[in-house]
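Now for the letters of each chain:
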Amino acid sequence: MNLCPAILLLLPLSVAAAPKVTFHKNVAPILQARCQACHRPGEAAPMPLITYRETRPWAKAMKAAVLTRKMPPWFAEPGVSHFKNDRTLAKQEIDTLVEWADKGAPEGNPDEAPPPLVFTTGWSIGQPDQVFEMPQAFEVPSTGIVDYQWVLLPTRFAEDKWIRAIELRPGNRGVVHHIAAFARRGGSKWLAEAKPGVPVPKAPGGPEAGQSDGLIGEYVPGLPAKPFPDGSALFLPAGSEIVLQLHYTPNGKAASDRSKLGLIFASEQPRSRFFYFGVTNMAFVIPPGEANHSVTARVTLGADVRLIDLQPHMHLRGKSFEFRAVYPDGSQEVLLRVPRYDFNWQLTYEVAGEKILPRGTRIEATAIFDNSPNNPRNPNPEAEVRNGDQTTDEMMAGVMHLALPVDFDLRKLFLRPPSPAYERKSP
Ligand code: HEC
């Protein structure tokens, strides 16, 4: 045999040097499934994680972010209930990202890469039937805190409408923190002074100032809008208008925004009615300095309803949140527990499977607020804090989305007398 001993030595070495975990083969599929919804151009995250060149410098930061579970953002306590849109990484996915970073972030063979994801650049719900854009821009200053802006859109519908999909698109993603759309029925006193298209900071309300007729859509970073589930649709009676609530966060440069609302109407009678409501308590007072102030709200259902999703909503002092169902037989189930609430992530948790809550079920929501100086987000631990729209006020809302039969009489939704917000017309 004439084999050079040097080759014999090199052979096993070069086999060992072929990296096990590479970007194209192992990392790219995880980024596609778990990260690129936000980490791509034009989306919420500051940097795209698509190509090797873009991702390589972030290898160590990605390792840290997934080990601490800072990324992907997801706050439901594991094992308590199951959600369709759960983004939690499997241990094996974390191990892969960690190993990749530890081994120097090798690129590997581009032929082993999964085909790139194709993203829709326009409306995620498809081409809307009708688009309403803010008629006038809101000028966002370079610094400071901007009051929530309320913009009445010129939507006044002449006839009843079933809406199959709704999408809110920020005009300027760099400064729009969130947008919420509310319905206002014809003749409502709520925001009565608002002129169509002219942004107003909301004047302090009171019972006489009326209230909205409910949340109908939201934009939060990283969650693409999609049609209402299972052929359900949202009902807006004739005369309804839509009001946007916009939260702007200055980012160092003066900017201007004209956000848009797109609607797709149902072409036929929907299978069920999609309905939002909040299990809310507005009568709380959080004492100064209190680190664990608990506020609970309850409603008892007057009909069998299908639960679609859950969304805790508090502001900067929000610490944790829990939704429970107490069934008619007395048994209890935790529907969602968020042990560490993060105001920056207004996530919606989509219930897996078909979850029916029978008539007589009591829904309870408990929010814990931290008004102590140890809460780094607390704008003022000396303040006595009450319900209000501004982030320096608090809010306690367990927002739930339900699917109801189309001809459902909303006055029967709760066993207790309904609040005025629910007395609106049924189809
Ligand atoms: C829902 C949107 C969303 C998803 C999904 C998401 N990210 Fe992020 N990510 C963000 C945003 C927004 C920021 C910047 C603000 C922040 O750090 O919270 C960010 C920041 C980061 C940072 C910088 C971290 C730091 O400490 O400053 C890293 C690294 C990161 N993401 C990695 C990932 C990885 C890896 C995934 C997938 C496994 C992922 N992200 C999924 C939205 C997202």
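Keep in mind it's a predicted model, so treat the numbers as computed, not measured.

Attention now moves to the overall build of the chain. Regarding its fold elements, the chain presents five helices and 21 strands. Seen through its principal axes, the chain has C-alpha atoms that stretch 95 × 50 × 50 Å. Of all 427 residues assigned to the chain, the portion counted as buried reaches 50%. Residue pairs at least 24 apart in sequence account for 82% of intrachain contacts in the chain once pairs closer than 6 positions are excluded. Here the chain has roughly 20,900 Å² of accessible surface; of this, 54% comes from carbon and sulfur atoms. Looking at charge distribution, the chain has the averaged site of its 47 positive side-chain charges lying 1 Å from that of its 45 negative ones.

This brings us to the coordination of the iron atom of the ligand. Protein coordination of the iron atom of the ligand is provided by His39 (NE2) and Met71 (SD), with donor distances spanning 2.0 to 2.3 Å. With six donor atoms in place around the iron atom of the ligand and angles of 84 to 179 degrees between them, the coordination shape is octahedral. Here His39, found in the loop between α2 (23–34) and α3 (52–55), pairs with Met71, found in the loop between α4 (59–67) and α5 (91–102); they are 32 residues apart in sequence, far enough to count as distant. Judged by its relative accessible area of 10%, His39 is buried. The partly exposed category is assigned to Met71, whose relative accessible area is 27%.

For the rest of this paragraph, the subject is unusual backbone geometry. For the bond running from Met71 to Pro72, omega is -15 degrees, close enough to zero to count as cis. At Arg69, a position not held by glycine, the phi torsion is positive, near 60 degrees. Along the chain, Arg69 turns up in the loop between α4 and α5. The phi dihedral of Leu191 is positive, around 55 degrees, even though this residue is not glycine. Note that Leu191 resides in the loop between β5 (176–184) and β6 (200–201). The exposure class of Leu191 is buried, given its relative accessible area of 5%.

Moving on, we come to the site of the ligand. Taken together, 16 residues surround the ligand, and among them Cys35, Cys38, His39, Lys70 and Met71 come closest. The separation between a nitrogen atom of the ligand and a polar side-chain atom of His39 is 2.7 Å. Along the lines of polarity and charge, the residues of the shell around the ligand split into 12 nonpolar, one polar and three charged.

Okay, empty space enclosed by the protein next. Where empty space is left in the structure can be found by rolling a water-sized probe over the atoms. In the structure shown here, the tally under the stated rule is three cavities of 30 Å³ or more. When its volume is computed, the second largest cavity comes out at roughly 50 Å³. Along its surface, the second largest cavity is lined by Phe75, Pro312, Val338, Tyr341, Asp342, Trp345, Gln346, Leu347 and Tyr349. Counted by class, the lining of the second largest cavity contains seven nonpolar, one polar and one charged residues.

Let us now look at the packing of aromatic side chains. Inspection of every chain in the model, using the stated rule, returns 17 aromatic pairs. Plain terms: the ring middles of Phe182 and Trp190 are 6.1 Å apart, the flat faces sit at 65 degrees to each other, and that makes the pair edge-to-face. On the accessibility criterion, Trp190 (3% relative accessible area) is buried. Between Phe321 and Phe323, the ring centres sit 5.2 Å apart and the planes meet at 55 degrees, which makes this aromatic pair tilted. Taking the relative accessible area as the measure of exposure, Phe321 reaches 2% and is therefore buried. By way of ring pairs, the aromatic residues Phe23, Tyr52 and Trp100 are connected into one cluster. The ring of Trp123 carries Arg169 above its face, with NZ or CZ at 5.6 Å from the centroid.

Reading guide: rules and limits
- Residues numbered from 1 in each chain as written.
- Predicted model: local features only at pLDDT ≥ 70, side-chain atom pairs only at ≥ 80, totals over all residues.
- Heavy atoms only, no water.
- Helix = DSSP H or I, 4+ residues; strand = E, 2+ residues; numbered from the N terminus.
- Buried < 20%, exposed > 50% of the residue type's maximum accessible area, 1.4 Å probe, protein only.
- Contact = heavy atoms within 4.5 Å.
- Areas by Shrake-Rupley, 256 points an atom, 1.4 Å probe, with all protein chains shown as cover.
- Lys, Arg positive; Asp, Glu negative; His and termini not counted.
- Charge placed at Lys NZ, Arg CZ, Asp CG, Glu CD.
- Donors = N, O, S within 2.8 Å, 3.2 Å for Na, K, Ca; no water.
- Tetrahedral: all angles 85-135°; square planar, octahedral: opposite > 155°, others 65-115°.
- Near = heavy atom within 4 Å.
- Polar contact = N/O pair within 3.5 Å; in protein donor to acceptor, adjacent residues only side chain to side chain.
- Nonpolar A, V, L, I, M, F, W, Y, C, P; charged D, E, K, R; others polar.
- 1 Å grid on protein atoms, 1.4 Å probe; cavity = no way out; pocket = protein on both sides within 12 Å on 5 of 7 lines; lining within 4 Å.
- Points joined across faces, edges and corners; volume = space filled by probe spheres on them.
- Phe/Tyr/Trp six-rings, centres within 6.5 Å; stacked < 30°, edge-to-face > 60°.
- Lys NZ or Arg CZ within 6 Å of the ring centre and 35° of its normal.

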